[in-house]
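Examining the three-dimensional arrangement
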Amino acid sequence: MSLSEITAKIEAACAKAGRDPRDVKLIAVSKVQPLDRVTAVLDEGHRLFGENRVQEAEGKWPGLRDQYGDVEVHLIGPLQSNKVRQAMQLFQAIHSVDRPKLAKSIARLAQEIGQCPDIFLQVNTGEEPQKAGVLPADADAFVAECRSLDLPVQGLMCIPPVDEEPSLHFALLAKIAERNGLAGLSMGMSGDFESAIALGATHVRVGSAIFGARVKG
Ligand SMILES: *Cc1c(COP(=O)(O)O)cnc(C)c1O
């Protein structure tokens, strides 16, 4: 699908849900995509991208920013403690803050650097052992802890289990966000961004539907 087809689908989903399309940001997930597919989307004027590895983004975006000017890039994949400094210099938002130790090291560096990316806390809504994120039962306490560290917490993020109805997970994430007074909801991917929008998504992370299937990843 082309970028404009995705944008049209987002607008239709917003209209159906009675939402303003300006309240839904499309993060074009460019991980492991060949460079020519990424520059094609940049050439169409899109300026918000998502990457799930610090190393890969580091090799790609400084050069593309030289070429295209300001591009917002969000980290949507796991962040190791030893890459936090690099991540904070590279990304305008981190969607994968999933543990107190990571929150503390981001907060410490934010003090040192004097700035901090927007922060989304990842919730493991499906309570899957292999998946990152705090458990739903621990989410309120984690939000409170991150706020007490002065982190700019914008919202919550989830990746629903592959074999379950995603709407249930989107609804759960929305409920946790609402009771914590958080406006941001990073949810919805290529296969389910329309139902995520119906349930309040503010950031949809769409990769293969825009760029085509990933070669690996
Ligand atoms: C890869 C990835 C996406 C995009 O997935 P698609 O199915 O290609 O749209 C979204 N979110 C995260 C966290 C990802 O790692």
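One can find the structure itself at the top, above this paragraph.
Keep in mind the model is a prediction, meaning the values are calculated, not measured.

**Overview of the packing of helix α5 (residues 100-113) against helix α6 (residues 136-148)**
The contact between α5 and α6 brings their axes to 10 Å, and the two run at 15°. Taken together, α5 and α6 sit at an angle that is classed as roughly parallel. Here α5 and α6 pass one another in a crossing that is right-handed. From α5, P100, A103 and K104 reach across to α6, where they touch F142, E145 and C146. The class makeup of the residues in the contact of α5 with α6 is four nonpolar, no polar and two charged.

**Re the pattern of salt bridges**
For the coordinates displayed, the defined rule picks out eight salt bridges. Of the charged contacts, one joins R22 and D20 as a salt bridge, the two residues approaching to 2.8 Å between their closest N and O atoms. Taking the relative accessible area as the measure of exposure, R22 reaches 70% and is therefore exposed.

**A short note on the site of the ligand**
Around the ligand, the neighbouring residues are V29, K31, N52, I76, I159, M189, S190, R205, V206, G207, S208 and R214. Within the contact set of the ligand, an oxygen atom lies 2.7 Å away from a side-chain nitrogen or oxygen of K31. A distance of 2.5 Å separates an oxygen atom of the ligand from a polar side-chain atom of S190. Taken together, the residues of the shell around the ligand break down into five nonpolar, four polar and three charged.

What counts and what doesn't
Residues numbered from 1 in each chain as written. Predicted model: local features only at pLDDT ≥ 70, side-chain atom pairs only at ≥ 80, totals over all residues. Heavy atoms only, no water. Axes fitted to C-alpha atoms, helices over the stretch in contact; angles between N-to-C directions. Helix = DSSP H or I, 4+ residues; strand = E, 2+ residues; numbered from the N terminus. Parallel < 35°, antiparallel > 145°, perpendicular 65-115°, else oblique. Left-handed = near helix turned anticlockwise from the far one by under 90°. Contact = heavy atoms within 4.5 Å. Nonpolar A, V, L, I, M, F, W, Y, C, P; charged D, E, K, R; others polar. Salt bridge = Lys/Arg side-chain N within 4 Å of Asp/Glu carboxyl O. Buried < 20%, exposed > 50% of the residue type's maximum accessible area, 1.4 Å probe, protein only. Near = heavy atom within 4 Å. Polar contact = N/O pair within 3.5 Å; in protein donor to acceptor, adjacent residues only side chain to side chain.

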